[in-house]
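Notes for the structure review
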Amino acid sequence: MKKTNLFVSILLFLSFSVLQVSSLTQTNQDFEKSESSRTLEQGQEHAHEVHCSRERSRAAWQIIEKYLMPFVEHEHYEIPSNCRLHPDNDLFRDQEEHKIHLDINEWQCGYCKKSFRAEMFLDQHFDNRHYNLLNVSGSKCLADLCGALHCDAVMNTKLSKTKCNPASVARNHHLCEGLANSCFPINQSPSARRLNEFFLHQFCHAHTCSGKRKLFPRGGKKHISVFYLAISILTLMLLPIFYLIVYLHQREMRKGTQELRRISKVGQKTKPS
Ligand SMILES: [Zn+2]
């Protein structure tokens with residue numbers, strides 16, 4: 001009797017604790033749900049204000065920085081402010097410059113010093129907390145130039161093997177030529193003329209459906225990777241050690257042959273003739 005009582009009470013206790021745990025997780029889930037829906041709502045609240053992709057704007061900026069600016073700097077040319085490639089015409093430039101990358105998994109907001117685990121969360125933070133700092137006046141969306149600047153090829157979103165669409169290629173070519181003419185007006189200066197030619201070659205000529213299209217044929221800024229730097233330093237350090245080992249080994253070998261010669265000479269002498 002006592003045993004059954006004990007058994008029943010244990011069973012009751014177990015079922016009660018299971019119920020409690022499940023209710024706890026339920027409330028937790030509810031909380032998470034409300035949290036996520038709130039951030040979603042917040043996102044939607046401001047989404048209608050900015051019709052410009054931050055990610056694509058960033059890709060466009062990276063292309064400009066890598067494949068255009070080194071050549072512009074080489075010519076000591078100043079991009080006019082009416083040129084859509086000018087940094088002031090990038091809606092997100094100020095926010096992007098307020099990103100502090102402290103460590104692989106640590107990003108900090110330059111405005112309020114709040115830290116985040118990933119760049120994506122910092123982007124969300126900018127959208128939610130600092131959207132008022134965006135300069136939304138005028139058409140300043142760098143992402144709109146992605147067609148001309150080949151962002152897709154750099155972002156790897158669309159494979160270049162997709163079928164060529166003549167209409168979109170013509171549109172992008174037109175956009176590209178417009179950029180060349182507004183940013184580098186031919187009759188302004190010799191350097192502007194050279195850069196105009198360069199821009200057409202580097203960005204615009206690839207907008208074609210016929211033949212081979214090579215993106216950025218003049219190349220871009222060379223980045224010395226940390227890996228190569230480490231390898232070369234290591235090689236420089238190991239080279240003297242390698243030669244020392246080879247030298248010591250050869251010296252040992254020479255000693256060995258000399259001793260052998262001596263032994264063989266002694267052997268020849270003792271041989272009866
Ligand atoms: Zn902030």
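Quick look at the structure, then. Source: prediction; values computed, not measured.

With that settled, the discussion passes to the sheet that holds strand β2 (residues 106–109). Judged by pairing direction, the sheet is antiparallel, and its 3 strands sit side by side in the order β1-β2-β3 without closing on themselves. Either end of the sheet is taken by a strand with one partner, and the two such strands are β1 (99–103) and β3 (115–116). Alignment of β1 against β2, held across 4 bridges, turns out to be antiparallel. Note that in β2 the partner of K99 across the bridge is C109. Across the sheet, helix α5 (residues 119–129) is in contact with β1, β2 and β3; its angle to β2 comes to roughly 15°.

This part covers unusual backbone geometry. A positive phi is found at K113, a non-glycine position, where the angle reads about 65°. Along the polypeptide, K113 turns up in the loop between β2 and β3. On the basis of neighbour counts, which here come to 8 C-beta atoms within 10 Å, the residue K113 falls in the exposed class. Positive phi, close to 45°, is recorded for F216, a residue that is not glycine. For F216, the position within the fold is in the loop between α9 (190–204) and α10 (226–270). Accessibility expressed as a C-beta count within 10 Å gives 18 for F216, which makes it partly exposed.

In this section: the nonpolar core. By size, the foremost hydrophobic cluster in this structure holds 28 residues, and its most contacted members are A60, L145, L149 and L179. For this core, the secondary-structure elements that each account for two or more residues are α2 (54–67), α6 (146–149), α8 (166–183) and α9. With 6 residues, α2 is the single largest residue contributor to this core. The contacts of L149, once residues within four sequence positions are left out, are A60, I63 and F203.

Now for the pairing of β2. Counting the residues between successive antiparallel strands, the hairpin from β1 to β2 contains 2 residues. In the sheet, β2 pairs with β3 via 2 bridges, with the strands oriented antiparallel. Bridge pairing in β3 links W107 to F116. Linking two consecutive strands that pair antiparallel, namely β2 and β3, is a turn of 5 residues; a positive phi of about 65° is found at K113 within it.

Attention now goes to the packing of α8 against α9. Running from N to C, α8 and α9 point in directions that differ by 155°, and their axes come no closer than 9 Å. What the angle tells us is that α8 and α9 run roughly antiparallel. Judged by the sense of rotation from one axis to the other, the crossing of α8 with α9 is right-handed. Two secondary-structure elements touch here, α8 through H173, C176, E177 and A180 and α9 through N196, F199, L200, F203 and C204. Across the contact of α8 with α9, the residue classes break down as 6 nonpolar, 2 polar and 1 charged.

Criteria and cut-off values
Residues numbered from 1 in each chain as written. Predicted model: local features only at pLDDT ≥ 70, side-chain atom pairs only at ≥ 80, totals over all residues. Pairing = 2+ DSSP bridges. Helix = DSSP H or I, 4+ residues; strand = E, 2+ residues; numbered from the N terminus. Contact = placed C-beta atoms within 7 Å. Axes fitted to C-alpha atoms, helices over the stretch in contact; angles between N-to-C directions. Buried ≥ 20, exposed ≤ 12 C-beta atoms within 10 Å, placed from the backbone. Core = buried A, V, L, I, M, F, W, Y, C linked by C-beta atoms within 7 Å. Parallel < 35°, antiparallel > 145°, perpendicular 65-115°, else oblique. Left-handed = near helix turned anticlockwise from the far one by under 90°. Nonpolar A, V, L, I, M, F, W, Y, C, P; charged D, E, K, R; others polar.

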